[in-house]
Amino acid sequence: MKNAIQEINEHLRTRIRVIIWKQWKKSQRKEKALKQLGVKPDIAHNLANTSKGYKLVAKTDWLKFAINNDRLRKKCLIFLSDQYAKVHVEI
């Protein structure tokens, strides 16, 4: 069950990153947001102007760095793995 929840959790985080990426709409906004989140300017420019699909961009290391799990938690998103850990304390 733990492995299944981790897979679902990973998929949901990817989908959340896709949604955030889509909300930024224009490449200038994407580039500005990535820079504000700590991505190097040249990499932010390349990532904002890529022709890759949303899901491939969401799985890149740089977007995972920019929109990491701690930032998602600060936005009050609940992770299934955290809830599972609360219920099933390993001995």
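The written sequence of each chain sets the order in which its residues are numbered from 1. Under the rules for a predicted model, residues below a pLDDT of 70 receive no local features and side-chain atom pairs below 80 are neither given nor counted, while totals for whole chains, interfaces and linings still include all residues. Derived side-chain values reflect all non-hydrogen atoms in the structure, with water molecules and hydrogen atoms excluded from consideration.

**Topic: the overall build of the protein chain**
Here is step 1 of the chain: Looking only at helices and strands, the protein chain has seven helices and zero strands in total.
Here is step 2 of the chain: For the protein chain, the N- to C-terminal ordering of α and β elements is α-α-α-α-α-α-α.
Here is step 3 of the chain: Its C-alpha atoms put the protein chain at 50 × 25 × 20 Å along the principal axes.
Here is step 4 of the chain: Note on exposure labels: buried denotes an accessible area under 20% of the residue type's maximum, exposed denotes more than 50%, and partly exposed covers the range between, all computed with a 1.4 Å probe on protein chains only. Residues classed as buried in the protein chain amount to 27% of the 91 residues present.
Here is step 5 of the chain: Any two residues whose heavy atoms approach within 4.5 Å at even a single point are treated as in contact. In the protein chain, the proportion of contacts linking residues at least 24 apart, taken out of those at least 6 apart, comes to 57%.
Here is step 6 of the chain: The Shrake-Rupley method, run with a 1.4 Å probe, gives the accessible areas here. Residue values count only the displayed protein chains as cover. Accessible surface computed for the protein chain: about 6,700 Å², of which carbon and sulfur atoms make up 54%.
Here is step 7 of the chain: Charged residues are defined narrowly, with Lys and Arg counted positive, Asp and Glu counted negative, and His plus the chain ends left uncounted. For charged residues, the charge sits on one atom: NZ in Lys, CZ in Arg, CG in Asp, CD in Glu. Of the charged side chains in the protein chain, 21 are positive and 8 negative; the average position of the first set lies 9 Å away from that of the second. Counting from the N terminus, the helices are DSSP H or I runs at least four residues long and the strands are E runs at least two residues long.

**Remarks on the nonpolar core**
Here is step 1 of the chain: Counting 16 residues, the largest nonpolar core has Trp21, Trp24, Leu34, Val39, Leu47, Leu63 and Ile67 as its most contacted members.
Here is step 2 of the chain: A total of three residues in this core trace back to one element, the largest contributor, which is helix H3 (residues 41-48).
Here is step 3 of the chain: Ignoring sequence-local partners within four residues, the contact set of Leu63 consists of Arg17, Trp21, Leu34, Leu47, Val57 and Ala58. Residues grouped as a nonpolar core are buried Ala, Val, Leu, Ile, Met, Phe, Trp, Tyr and Cys residues, joined through side-chain atoms within 4.5 Å.

**Digging into the packing of helix H2 (residues 27-36) against H3**
Here is step 1 of the chain: Orientation of H2 relative to H3, taken along the N-to-C sense of each, is 145°, at an axis distance of 8 Å. In this structure, the crossing between H2 and H3 has a hand that is right-handed. Along the contact surface, H2 presents Ser27, Lys30, Glu31, Leu34 and Lys35, while H3 presents Pro41, Ala44, His45, Leu47 and Ala48. Where helices are involved, their axes are fitted lines through C-alpha atoms of the stretch in contact, as for all axes, and angles between N-to-C directions lie from 0 to 180°. Note on convention: near helix rotated counterclockwise from far helix by under a right angle means a left-handed crossing. Clockwise means right-handed.

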